[in-house]
Amino acid sequence: MHIEFGSDWNSGFMEEFAGKLKQEIKDNIFPLPPEIGEGFSKKIDIDKDLRFIIHSYHLNEPLTANRKAALANVDQLTFRFLYYQKPDKSYLSNVQVLNDTIDVTDYFPPHAPICYVIVKIKLQKLLSILEIHPLSKEFSSFTNDLNRPFIYQESMTPEIRGVLMGLSDYKEHGTLEKLYCKIKIMELLYHFFIRFSRRATYDFMHVNKADIEKILGIERIILQDLGTPPKLPQLARSIGMCESKMKQLFKKIYGDSIYNYYLSARMNEAASLLKNDKSLSVSEVGYALGFSNLSHFAQLFKRYIGVNPKEFSLNNLTV
């Protein structure tokens, strides 16, 4: 299923989205039609400079949300916090921060619980919330020319996931609803910038739409086969980009090298298998992910997960 909706908030963002789903909006919320899935979408305006949408649902079929925008004089950022369970592979979920000149397609897997929060915030509002100087090294990326495309992506964390679940499950609609939601949005921004400030590189770089889509395609290729280390020349050829440019852009968007990203995803996959499939031994998981040296597997697992795989497996046994 393909749904397109504009990103100009003041020109009927929710109305257009709901209209394509043929649903009525009531109190800024509309349910998903039963034939599409189960869940809801809701818009909340904190103030004129900060507003967000919560999408929380299970879909019967894949859904792509293609966000099209070509706005002049952009002065706001869009944060997209996307979490879905497949099964407990949270490294597949992500947080993106971009400006509204970018058209990027998201993929939502069928039958997976989804929580997707879009936060639109004016640049000056963001700087005020963060209480940072516009020219500070870590955050100067967000004070540059917003009219040219850029995107940063970070992996989902348990803290961000917890806040998203809290927003998704919140049922009160009284006078304090905006206060609750404002606090949670502040938490989301806090947890994103904690990770962003630790990345290997946060130097600002404008990236055109076509190159962004190519780099996001690299991530999908890597995740398809975590048992085989990525071959950079082959990856570059697959997306039609020179190797040096591919490595540079990937590091700008993801904050780390392609190989380090691969290792992180590989170890998270190992943790997911050990946690969710009790029939697999540590050695079987290591071999399944392409390791011939189990000692090397254990060392990498401890570096990325914090404990060795045997200890992790024992601690996650179902009683």
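On a predicted model such as this, the values are computed, not experimentally measured, just so you know.

Just give me the short version of the overall build of the protein, but keep the residues and values in it.
The helix and strand inventory of the protein stands at eleven helices and ten strands. Here the protein holds 319 residues, and 47% of them are scored as buried. Residue pairs at least 24 apart in sequence account for 71% of intrachain contacts in the protein once pairs closer than 6 positions are excluded. A total of about 15,300 Å² of accessible surface is found on the protein, and carbon and sulfur atoms cover 50% of it.

Hey, could you go over the environment of Ile46 for me, with residue numbers and the actual values?
The topology assignment puts Ile46 in strand β3 (residues 37-47). Through-space distance from the C-alpha of Ile46 to that of Glu177 is 9.8 Å; in sequence the pair is 131 residues apart.

Could you give an account of the pattern of salt bridges, with specific residues and numbers?
Applying the stated criterion to the full structure yields four salt bridges. Residues Arg195 and Glu154 are paired through a salt bridge, measuring 3.3 Å at the closest nitrogen-oxygen approach. Of this pair, Arg195 sits in helix α4 (residues 177-196) while Glu154 sits in strand β10 (residues 151-155), and the two are 41 residues apart along the sequence. What makes Glu154 buried here is its relative accessible area of 7%. With a closest N to O distance of 3.0 Å, Lys209 and Glu213 form a salt bridge. Note that Lys209 and Glu213 are positioned in helix α5 (residues 209-224) at a spacing of four residues, about one turn of the helix. Taking relative accessible area as the criterion, Lys209 reaches 33% and is therefore assigned partly exposed. Glu213 gets classed as partly exposed once you look at its relative accessible area, which sits at 32%.

Can you tell me about a nonpolar patch on the surface, naming the residues and giving the values?
A surface patch of nonpolar side chains, amounting to about 290 Å² of accessible area, comprises Leu176, Leu179 and Ile183. Taking the relative accessible area as the measure of exposure, Leu179 reaches 47% and is therefore partly exposed.

Basis of the calculations
- Residues numbered from 1 in each chain as written.
- Predicted model: local features only at pLDDT ≥ 70, side-chain atom pairs only at ≥ 80, totals over all residues.
- Heavy atoms only, no water.
- Helix = DSSP H or I, 4+ residues; strand = E, 2+ residues; numbered from the N terminus.
- Buried < 20%, exposed > 50% of the residue type's maximum accessible area, 1.4 Å probe, protein only.
- Contact = heavy atoms within 4.5 Å.
- Areas by Shrake-Rupley, 256 points an atom, 1.4 Å probe, with all protein chains shown as cover.
- Salt bridge = Lys/Arg side-chain N within 4 Å of Asp/Glu carboxyl O.
- Patch = residues over 30% accessible without salt bridge, like charges linked within 9 Å, V, L, I, M, F, W, Y side chains within 5 Å.

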